[in-house]
Number of protein chains: 2
Amino acid sequence: MKKIENPKPNTWSAILERPTKTIDDIEVTVKEIFKEVQKKGDEAVAKYTSIFDGITLDNYEVSPQEIEEAISLISTELKDAITLAKNNIYKFHSAQKTERITVETTEGVNCWQEKRPIQKIGLYIPGGTAPLFSTVLMLAVPAQIAGCKEIVLCSPPDKKGKINPAILYAAQLCGVTKILKVGGIQAIAGMTFGTESIPKVYKIFGPGNQFVTVAKQLATQFGVAIDMPAGPSELLIVADDTAVPAFVASDLLSQAEHGTDSQVILVSTSKKLISAVEEEIQLQLNELPRKDIAEKAIENSKLIYVENDQIALDLINEYGPEHFIICSEFDDFYCNGILNAGSVFIGNYTPESAGDYASGTNHTLPTNGYAKNYSGVNLDSFLKSMTFQKINEKGIQNIGKAIEIMAEAEGLQAHKNAVTLRLNSLD
Amino acid sequence: MKKIENPKPNTWSAILERPTKTIDDIEVTVKEIFKEVQKKGDEAVAKYTSIFDGITLDNYEVSPQEIEEAISLISTELKDAITLAKNNIYKFHSAQKTERITVETTEGVNCWQEKRPIQKIGLYIPGGTAPLFSTVLMLAVPAQIAGCKEIVLCSPPDKKGKINPAILYAAQLCGVTKILKVGGIQAIAGMTFGTESIPKVYKIFGPGNQFVTVAKQLATQFGVAIDMPAGPSELLIVADDTAVPAFVASDLLSQAEHGTDSQVILVSTSKKLISAVEEEIQLQLNELPRKDIAEKAIENSKLIYVENDQIALDLINEYGPEHFIICSEFDDFYCNGILNAGSVFIGNYTPESAGDYASGTNHTLPTNGYAKNYSGVNLDSFLKSMTFQKINEKGIQNIGKAIEIMAEAEGLQAHKNAVTLRLNSLD
C-alpha cells in the first residue's frame, strides 16, 4: 500500500488517477460482431455463443421447467436472504415514486410533468465464477415498480447450457418477462437490433467485462440508452480515531476482492488509524479465498494522511468515489459537504457490503469519477419524464404577445404565425 | 405532402422512418480537432476559430462592458417578453424540486436519497442567422434552480467578434457565470478538456449542427455527460373534426421552417380534416420568409389517415414524436395513452411555439425516437441522485445474516467478512 502524507492539491489528480485501459483493439471486435448480429440475427448469435461460451443451443430462452428446477435448487436460507434484500430494495425504490407535477404558470396556461415507464428494457447479468444474482434484484425490482412492460434478461450459458440457479431464482421473483441464455457482445448486439430470439429493447442495464462495456457504449450509437458508462469498482473511506481499524480494513478488502483493478483509498486525519488499518489488512488478507486478487488491488491502494477534515473533503470531492464510507466524529460535516459520490455509508456498523446486498439502496453506481455527472441507478432510471401543456383562450391571450416577439427576434416567422392566427380568431 | 390511407402496422416503421445522416466523414475531423485542443489548448482554439468563424480574438471571454452594451441594445418589448418566458420557465422547473427521500427499510437501517447539483456545466448556443436566446433560458434557468456552481456558455463569434445581444442579455439574466466567444467543435472540445480560457465542465447541454452533435457524442468518451443525443426536430399532430385546419397547418409549418430535414406528420381519423389542412398549408406557405426551407420539409411530410383512435395512438407510440399536438374530441384518451413523446400540446389554443418559448415547459426534447428512452431536459438533468445509508448495531444484526449468506453464495468472502466482524463484535 502506498502511504502519502499531506499531498499538495496540485498533485491530487495524479495521486487519485484511476487505472486506464486501451479499448481500441476491443472496439474492432465489438463492431464486427454488431454488424453480423444486425445482418444475420440468431445465426450470428449462435456462432458467437459457440465461440465464446463453447456451446451450441437449440433454444436460447429459459423454459418454465428450467426455472422450476432452479427454484428447487436454492436453499431455504438463501431464499430467505434474497427475500429480505428484495423487500428492502422494494421499499426504498417504491418511495422514489413521484406524482404528476402541475403548475398554472400564467392564468390559462396549465403545464404538467409526468413520468412514464420505458416500455422495453434489457438486463445483462455476467456469468463466470461469481453469479451476480444480487444485481438481478437491483435492476429488476425498480424496473417492475416503474412498470416497464418487457423486462428481458440476458446471461451467458455455462458449458452445460445452464444459467446459475440463483440468477434464475431472482429473475422469476422480480418479474423478469423473458430470460435468455446469451452472453457477451452477442447479447448486447441482440438486444440492440433484435433477432428472432432476442427482443429489441430501448435501454440496457447491467455490469460486464470490457467487451460488454464497449458493446454497451456502441449500442448507444444505434439509439439504445444505457444505465451509465462503466469502470472498475472503487471505495474511498474517510476515518479518524472513532473508527474501528478492523472494520475499516475489512471494508477495504471487500472492495479489493472485486478485481485486481479495484480502487481502494483510505483518507485520514490520524496517522495512528492509518497504521492500525495497515496492520489489520495484513492480518485479514491471509484468510481470504480471493487473496491473490485482493492483494494486487491492495498493492495499488492508497493511504492518504491529511491535516484536517476540510482538506479531506475537498480531496474526496475531487475524486468522486463510487462508494464512500464515513467513520468520523464529524460525519455530518462529510454528509453535508459531499458533492460527488455514488453511495455513502455512515458509521462503524454500515459496511459497503450492506449496500451491495440488502440495505435497500442500489448497488449499480457511477465509477471512474462519473459520480460528478451521473446518478446511480434509481427508480427514475426506468422512467422518462414527459411534459404536457393545455392552454385556453385566456391563456394564449396572456402569453401570445411574448411568443410573437420572441419568435420574430429569432427569425422564426411561422412560429409567430401559429400564435397570431389564434389571437386573431379571438378578437 | 404524402397522403397515406390506412397503412398496415407492418409498414409503419418504413412510413415513419426518419432522415438518416452519414457521420463517418465528420467524425474524423472532430477527432482531430479534439486531439489538438487536448494537446495545445487555446492555441488550437484560436486556430479553429480563425478557420471556422473567420476571426482572430485576443480574449474569448465576454467582458462586462460587452454585456452592458448588449443590455442597452435590447428593446423594452423584447426584454418584457423574455422576462415573461423566464418567469414561466422558472415556475415550472422550480416545482420539479424534490425533497430528500428517507426510508427505514428494516429497523436500524436508515436509507435516504438526495439530489445534488452537477457542479460545472456547459451550455452550447449556436450562432448563425437565428440567435437562439430562448435556448439560453431553457438551459440556464433550471441550472440556476438546481444550484450548479459554474455555468459556462459557449457561442461562436460573428465576423466582428460579437455574440448576438439577445443571447448575452438572456445569459446575464439567468445566472450564467462565464460567457465565451467560442463555437463549434473547438468549443465542445474546450469544455471537455479545459484550456487556459475555457473551463472543463462535467456535462454539456445544447443544440448545434452536425459537427457539434458529433463533438458532443465524442465528449462522452472523455468522461463528460451530455443532455441527450440529437436529431432533426419533429412534430406529430393528431387531429379530428374538432380541430381548426388553419391552426393545424400553422403548427405543421412552424415545425417545417426549422430545417429541410424537419419531420412533420399529421395523423387523423377524418379525411375532411386532412384535405382542409392541406389547402391551408398551401395558403400559409406562400407568406413565409423561410418558405424555401419549409417547403422542402413539407414535401417530405406525411398526412396519415387511420380508421380509429386506437390505431392512431399505437402508430404514434411507435413513432415517439418529440412534439405531439392533440386536437381531438378524445384528448384524454391520447393524454393517458401516450407512452413515448417529448412534450404534449393539448387543444386548439396550444401551439407548439408556446412550448418553444413561454408556456414554461422545456423545449430541449428527445428527437429521433429517443422519446422512447430519454427524458426531455428538466430540473433533474442538472442534478444527480446520491444515496446514503446509516445502519446502527440493531440494524446490522437485523440484516447481517442475509448479507453473509448472499455474499457467500456470490463467492465474495471479504464482503461476508466485513459483516461477520461487526456481528461478532456485538455478541
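Naming follows an unreviewed UniProt entry, where chain A appears as Histidinol dehydrogenase of Flavobacterium hercynium. Taken directly from UniProt, the Catalytic activity (unreviewed entry) text for chain A runs: "L-histidinol + 2 NAD(+) + H2O = L-histidine + 2 NADH + 3 H(+)". Comment text from UniProt for chain A, heading Sequence similarities (unreviewed entry), reads "Belongs to the histidinol dehydrogenase family."

Attention shifts here to the UniProt feature "binding site: substrate" (unreviewed entry) in chain A. Following the UniProt record, one finds the feature "binding site: substrate" (unreviewed entry) at A:Ser233, A:Gln255, A:His258, A:His323, A:Asp356, A:Glu410 and A:His415. The largest pairwise C-alpha distance within this set of annotated residues, which runs over 183 residues, is 55.9 Å, so the set is dispersed in three dimensions. Relative to the elements of secondary structure, A:Asp356 occurs in helix H15 (residues 352–357). Apart from residues lying up to four places away in sequence, A:Asp356 is in contact with A:Ser134, A:Met138, A:His323, A:His363 and B:His415. Here A:Glu410 shows up in the loop between helix H16 (393–409) and helix H17 (413–425). Beyond its immediate chain neighbours, meaning those up to four positions away, A:Glu410 contacts B:Ala130, B:Pro131, B:Leu132, B:Phe133, B:Ser134 and B:Tyr357.

Residue and element names in this part refer to chain A. The residues that UniProt annotates with the feature "binding site: Zn(2+)" (unreviewed entry) are Gln255, His258, Asp356 and His415. In three dimensions, the annotated residues from a span of 161 residues occupy distinct locations, with a maximal C-alpha spread of 55.9 Å. Apart from residues lying up to four places away in sequence, Gln255 is in contact with Ser233, Glu234, Leu235, Ser262, Gln263, Val264, His323 and Glu352.

To continue, consider the interface of chain B and chain A. Between chain B and chain A, the contact holds 117 residues from the first and 116 residues from the second. For the chain B face of the interface with chain A, the top three residues by lost area are B:Tyr349, B:Glu410 and B:Arg422, together amounting to 8%. Remark: the boundary between chain B and chain A carries four salt bridges. Residue A:Asp251 is joined to B:Arg422 by a salt bridge in which the shortest nitrogen-to-oxygen separation is 2.6 Å. At 11 residues, the largest contribution of residues to the side of chain B that touches chain A is made by helix H16 (residues 393–409) of chain B. Residue composition of the side of chain B that touches chain A, grouped by class: 59 nonpolar, 40 polar and 18 charged. One ladder, built from four bridges, connects strand S14 (residues 383–391) of chain A with strand S13 (residues 343–346) of chain B; its direction is parallel.

Turning to the pairing of strand S5 (residues 150–154) of chain B, a few remarks are in order. Residues and elements named next belong to chain B. Burial analysis of S5 places four of its five residues in the buried class, the great majority of the element. Across five bridges, the pairing between strand S4 (residues 120–124) and S5 is parallel. By the bridge assignment for S5, Leu123 is matched with Leu153. Inspection of the sheet shows S5 paired to strand S6 (residues 178–180) by three bridges, in the parallel sense. Within S6, the residue paired with Leu153 across the bridge is Ile179. Viewed along the sheet, the connection from S5 through helix H7 (residues 165–173) into S6 turns out right-handed.

Okay, the side chain of A:Asn317 next. All names here are of chain A. Tracing the backbone through its elements, the reader meets Asn317 in helix H13 (residues 309–319). Assessed through its relative accessible area of 11%, Asn317 is described here as buried. Polar side-chain contacts of Asn317 include one of 2.7 Å to the backbone nitrogen of Leu339.

Grouped together as the largest cluster of nonpolar side chains are 65 residues, with contacts concentrated most on A:Met406, B:Ile121, B:Leu123, B:Leu153, B:Ile179 and B:Phe382. In terms of residue count, the dominant contributor to this core is helix H6 (residues 133–146) of chain B (10 residues). B:Leu153 has contacts with B:Leu123, B:Ile125, B:Val136, B:Ile167, B:Ala171, B:Val176, B:Lys178, B:Ile179 and B:Leu180, leaving out every residue within four places of it along the chain. One finds A:Ile121, A:Ala146, A:Ala166 and B:Ala407 within the second-largest nonpolar core, a separate group that totals 64 residues.

Calculation notes
Per chain, residues are indexed from 1 in the order of the written sequence. Each chain is given a letter, starting from A, and each ligand a number, starting from 1, according to the order in which they appear as written. Totals for whole chains, interfaces and linings use every residue, but because this is a predicted model, local features are given only for residues with pLDDT of at least 70 and side-chain atom pairs only at 80 or more, for both listing and counting. With hydrogens and water stripped out, all remaining heavy atoms of the structure feed into the side-chain values. UniProt positions are given in the numbering used here, feature names are shortened, and annotations may be inferred rather than shown by experiment. Segments assigned H or I by DSSP are reported as helices when at least four residues long, segments assigned E as strands when at least two residues long, and all are numbered from the N terminus. By definition in these notes, contact holds between two residues if any of their heavy atoms fall within 4.5 Å. Each of two parts loses accessible area, computed with a 1.4 Å probe, when they are put together; buried area is these two losses added. Just to be clear on terms, a salt bridge is a Lys or Arg side-chain nitrogen sitting within 4 Å of an Asp or Glu carboxyl oxygen. Residue type decides the class: Asp, Glu, Lys and Arg count as charged, Ala, Val, Leu, Ile, Met, Phe, Trp, Tyr, Cys and Pro as nonpolar, and the leftover types, Gly among them, as polar. Between any two strands, at least two bridges found by DSSP are needed for them to pair. Each residue gets one of three labels from its accessible area relative to the maximum for its type: buried under 20%, exposed over 50%, partly exposed in between, using a 1.4 Å probe on protein chains only. Crossovers are marked right-handed if the path from the first strand over the helix to the second runs clockwise, as seen with the strands pointing away from the viewer. Pairs of N or O atoms are called polar contacts if they sit within 3.5 Å, as long as, within protein, a hydrogen donor faces a hydrogen acceptor (for residues adjacent in sequence, only side-chain-to-side-chain pairs). The term nonpolar core refers to a set of buried residues drawn from Ala, Val, Leu, Ile, Met, Phe, Trp, Tyr and Cys, joined through side-chain atoms within 4.5 Å.

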